[in-house]
Structures are given as C-alpha cells and as structure tokens.
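What the coordinates show
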Amino acid sequence: MVMTNAFTQPETTSFDFSEECLSALASWSEQVKQVTLATGEKVWLAKGYEEVRLILSDARFGAGDEPMHRASWSEEERKIGRLLHNDPPQHGWYRQPLNKAFSARRIQQLEPRIREIAREQLDVLSRSQNRSADLIETFALPVPERVIHEILGILPVFRSEFREIIEGLLRRGQTSEESRVFVDQALDCMCRVIEEIRRAPTGGLLDELIATGQFADVVLADLAVTLLMGGYLTITGMVTESVAVLSQNPEARRNLLVGAPQSSETVEELLRYITVIQYGVDRVAREHIRLGGQEIKEGDRVVAFLPAANRDPALCPHPEAMDATRRRVRHASFGFGPHQCLGQQLARVELEVMLTELFGRFPHLRPVRACEALPRRIETVIGGFDRFPVTW
C-alpha cells in the first residue's frame, strides 16, 4: 500500500478562461478544483456559491499583494491598490474615510444629478445621424465616467487621460514593464489633480480627504485611482450587457419601466445574471483549510469565480434564466466580507437610472446586429463589449 499525504497536490486542469474552458467548468462535479493558468501558475478555482462566499468573507483567506491579472513587481516599485490588497485592520484605515461618500444616503442625494447627466448624454445620442450610434461612446461610458469624476472632484480636462490609463491598468497579460508604465502614469496624473485641488478646491471627495490630513498625497492618489478603476467601466459593461439581455426579454424590459420596486428588482436580477467581473476575485489562504472537499495549503491562491457562483442552483432556482420577477437573492456580484464593493449603492442607482432613462427615451432601441457577433472585452478583467452599435 502506498501512503499519501493529505496535502498531496492533485492533478490540475489547464484553464485559460476561454469559451471552451468556461463550457467545461459547468460540467465539473467539483465545486473547487485546482487549475493551471496560462501563466503556468496553479490556483484553486471555486465555482460554488457557498464556497465563493466563504472565500470572500472568511479571515482565513486574505487579499494578495498583487492582482492576479498583473505581472509581479519588486517591493521597491510604486504600486497601487492599498484598498484592495490589504486585510483588516489596515484595510479599514483606508476604507473608513470613504464609506460616508458611498453610503446609501449620500448616493440617493446624488440621484438627481446622475439622472441629469444621463439625460444630457441621451441628448447627445439623439443627435446621432440615421437614428443609430455606438451606445458605449455616446452613453454607457460617459455617464458613469462623468459621475465618478464629479464625486472625486476631478476636472473634465483630465477625463480623456485617465480613460486611457484606467483601460491599461485593467488589461490582462501585461509584462511587469508594461504594468509599471500605467501605474506611474496613473499616480503622476492623480498627484497633479491633487495639486490642482489644493490650489482651487472643487468640492469633491478629494477635497474632503485632503482636509482630514489622514493620507499623504501618494496614498490619496492611490485611493482615487482605485475608485476610478471600479467606478465606470463596470457600469459601462453592465449597461451594454443589460441592453443585450433586455432586447431578448420583453417582460423584463416592461418591468424595468413600471417603476419602483419592479425596476429595482429587475436591476438586481440583471446584476446577478450578468457578472462583469468576468475572471473572478483572487485570495490567498492564510492557513491550511478544507474547502469544497479539497485541502487548500497555506499560501495557495484561490479564485472566487463570481460568474459561476451567480449561476449556482444552490443560490436560486433556474439560475441560467434571467427572471425579472425573481425574488431578490444575495448574489455574489459585489462580493462579501470586508472587501465587499464600496460602490455597490452607486452602481445600483446608476444602472437603474441609466436603463430607465434610456428605454424611456428610446423605447424601441435595440442592437444593430446580433450581440453574439459583437466584439467583447476579453482582454480586461471587466467584461462587456468593445463596441455596441444600436438603432432606434
């Protein structure tokens, strides 16, 4: 008889998040399985809802020092992501000053301004020739971009520069040299913003943070860049993906326009059904732990695969269907635990305002081509479409 150690590494499956791999994932009997990524790194991929929830809320799993999609750096290099890559109590020191700005009460106060921005961009859309336009360029991107810039107090002159930088920061498969370029650009640009605000306050969140004196400028720049990274491309992806889904679901579209609470419930179901954090969230095991029948070693990297968790039958009946009448479930799209999405209330309000205003103004709006034929954003950690031509 051959004796085996309880922590003997199992055979791994090659996994590159391609369509073939994602299709195969649905047939796995395991809720947690070790896979080898295209980089050669071995990680544990968790697809079950309960397993994903535990990974993101249990202190035995901690935030890694670097995001999985970016190449490793040395300790001496400038980094971003203090808010994302620190565990409590240090994480709370960075997050607590931001909580008030993104509270449900503060976001509800912003709702009229969000609606005003949405209507201004719909005016831009309405002036397009031949009653057709790229929805991303005219509406789905500029609305949340303007909103998060106004919340932070960043002047419009910086908007296009940050757009290119944020795209770069969220791109997968970069070398460490390529990553460093975008990180340096992001911090340098945001430090210029902070210098301008010190000279001429703009009334945004950065003003408030500067006034507290809690953070050095380099830390402020890091926090602000992190908020930009999560602040608008996620909504851009959600809006276009939602339009694609709603164009095939007349009942859900009608429910969206009925008004609260139906519109809110429809948005919540869209958030479950469409998971724009398309490659999951990674954590590191801080100790040996058994998860989903597997023995995870201390130091192992674990990926909480949010798209699969949101389609787990353990979460809701018929999860593969978008059901606008479904009773609200606690989906995984905003995560769990101390790192649960800071901007989730903002995301809900933006999405509801943007979709109701869009279809209220253009009730017959639809994609020009079958959505399956449109190019998708597979190179970035946030999903969606590269272009989304619509007509009305």
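Residues numbered from 1 in each chain as written. Predicted model: local features only at pLDDT ≥ 70, side-chain atom pairs only at ≥ 80, totals over all residues. Heavy atoms only, no water.

Description of helix α12 (residues 250–258)
What α12 keeps buried is the set A252, R253, N255 and L256. Looking straight down α12, one finds that the buried residues subtend no more than 160 degrees of arc, so they occupy a single side. Opposite the buried face of α12, at more than 90 degrees from it, the exposed residues are P250, R254 and V258. Where the residues of α12 are buried, they touch α11 (233–246), α13 (262–273) and α15 (344–361). G259, located one to two residues past α12, shows a positive phi value of around 110 degrees. (Buried < 20%, exposed > 50% of the residue type's maximum accessible area, 1.4 Å probe, protein only. Helix = DSSP H or I, 4+ residues; strand = E, 2+ residues; numbered from the N terminus. Arc of directions from axis to C-beta. Contact = heavy atoms within 4.5 Å.)

Examining the pattern of salt bridges
Here the structure, examined in full by the defined rule, presents 27 salt bridges. A salt bridge links R301 to E41; the shortest N-O distance between them is 2.8 Å. Residue R301 is found in strand β9 (residues 301–304), and its partner E41 is found in the loop between β2 (32–36) and β3 (42–46); the two are separated by 260 residues along the sequence. Each of R113, E116, E120, R146 and E150 takes part in salt bridges that share partners, so that together they form one network. (Salt bridge = Lys/Arg side-chain N within 4 Å of Asp/Glu carboxyl O.)

Focus on unusual backbone geometry
Going from P88 to P89, the amide bond is cis rather than trans, its omega being 5 degrees. Mapped onto the secondary structure, P89 falls in the loop between β4 (61–62) and α3 (90–99). Here the bond from A260 into P261 is cis, since omega is 0 degrees, no more than 30 degrees from zero. Topologically, P261 is positioned in the loop between α12 and α13. At R131, a residue that is not glycine, the phi angle is positive and equals roughly 50 degrees.

Some points on the sheet that holds β2
Hydrogen bonds along the backbone pair up the strands of a sheet, which may run parallel or antiparallel. Ordered in space as β1-β2-β3-β9-β6-β4, the 6 strands form an open sheet in which the pairing is mixed. Edge positions in the open sheet fall to β1 (13–14) and β4, since each of these has one partner strand only. Contacting β2, β3, β4, β6 (281–285) and β9, helix α2 (residues 49–57) runs over the sheet at an angle of about 125 degrees to β9. (Pairing = 2+ DSSP bridges. Axes fitted to C-alpha atoms, helices over the stretch in contact; angles between N-to-C directions.)

What to know about the packing of aromatic side chains
Applying the stated rule across the entire model yields 11 aromatic pairs. For the ring pair F15 and F17, a centre distance of 5.0 Å and an interplane angle of 85 degrees mean the geometry is edge-to-face. Accessibility expressed as a relative area gives 8% for F17, which makes it buried. For the ring pair F385 and F388, a centre distance of 4.9 Å and an interplane angle of 50 degrees mean the geometry is tilted. Residue F385 shares its accessibility class with F388, and that shared class is buried. Put simply, the rings of F15, F17, W28, Y279 and F305 touch in pairs and so form one group of aromatic residues. A cation over an aromatic ring shows up here: K33 above the ring of W28, its NZ or CZ 4.7 Å from the ring centre. (Phe/Tyr/Trp six-rings, centres within 6.5 Å; stacked < 30°, edge-to-face > 60°. Lys NZ or Arg CZ within 6 Å of the ring centre and 35° of its normal.)

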